[in-house]
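Fold and geometry: a report
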Amino acid sequence: MPQKFIDTPAGRHLRSRVEAVMAIYKEHGHVNRSLISEKLELTKLQSSQLLREFLSAHAPVLEWDTMHNSYRAHSKFKVH
């Protein structure tokens, strides 16, 4: 189920931030704070905030992978 964002400047900005993290996820097959920090050249604190926004938008389909210290989609979920 796609995340619905309010159609305001703030809502569109949040959508673009979440989509930036989704692009990293699609490229690497997982996402974590360090990867976001590296790819987007953000501080760890900024990366943490962005990761929280991403998790909030996609929480039902993500799970923590303890082996790789990253979030991954459940095996039943396919990223388009």
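As the structure is a prediction and not an experimental result, all values here were calculated from the model. (Residues numbered from 1 in each chain as written. Predicted model: local features only at pLDDT ≥ 70, side-chain atom pairs only at ≥ 80, totals over all residues. Heavy atoms only, no water.)

**Observations regarding the pairing of strand β1 (residues 62-65)**
Regular strands place side chains that alternate from one sheet face to the opposite one. Inclusion rule: For two strands to be treated as a pair, DSSP must find at least two bridges joining them. Numbering goes from the N terminus for both helices and strands, where a helix is a DSSP run of H or I of at least four residues and a strand is a run of E of at least two.
Examined bridge by bridge, β1 and strand β2 (residues 70-73) share four bridges and lie antiparallel to one another. The partner of D65 across the bridge, within β2, is S70. Taking the residues that link successive antiparallel strands as the turn, the β1-β2 hairpin has four residues, and the phi of N69 there is positive, at about 50°.

**Remarks on the nonpolar core**
To be explicit about the condition: As used here, the term nonpolar core means buried Ala, Val, Leu, Ile, Met, Phe, Trp, Tyr and Cys residues forming a set that is joined through side-chain atoms within 4.5 Å. Per-residue accessibility, obtained with a 1.4 Å probe over protein chains only, is compared with the maximum for each type, and a residue is labelled buried under 20%, exposed over 50%, and partly exposed between these values. Contacts are assigned to residue pairs with any non-hydrogen atoms lying within 4.5 Å of each other.
V21, V31, I36, L51 and F54 are the most contacted members of the largest nonpolar core, which totals 16 residues. Each residue touching I36, except ones within four places of it in the same chain, is listed here: V21, I24, V31, E41, L42, S47, L50 and L51.

**Remarks on the pattern of salt bridges**
What counts here: The term salt bridge refers to a side-chain nitrogen of Lys or Arg lying within 4 Å of a carboxyl oxygen of Asp or Glu.
Evaluated as defined, the whole model comprises three salt bridges. One salt bridge in this structure joins E53 and R17, with 2.8 Å as the shortest N-O distance. Of this pair, E53 sits in helix α3 (residues 44-58) while R17 sits in helix α1 (residues 9-28), and the two are 36 residues apart along the sequence. Given the relative accessible area of 17%, E53 is considered buried.

**Remarks on the packing of aromatic side chains**
Definition in use: A pair of aromatic rings is counted whenever rings of Phe, Tyr or Trp (Trp by its six-membered ring) have centres within 6.5 Å, and the orientation is called stacked for planes under 30 degrees apart, edge-to-face for over 60 and tilted otherwise.
Applying the stated criterion to the full structure yields one aromatic pair. Ring centres 4.8 Å apart and planes at 70° place the aromatic pair W64 and Y71 in the edge-to-face group. In this structure W64 comes out as partly exposed when scored by relative accessible area, which is 43%.

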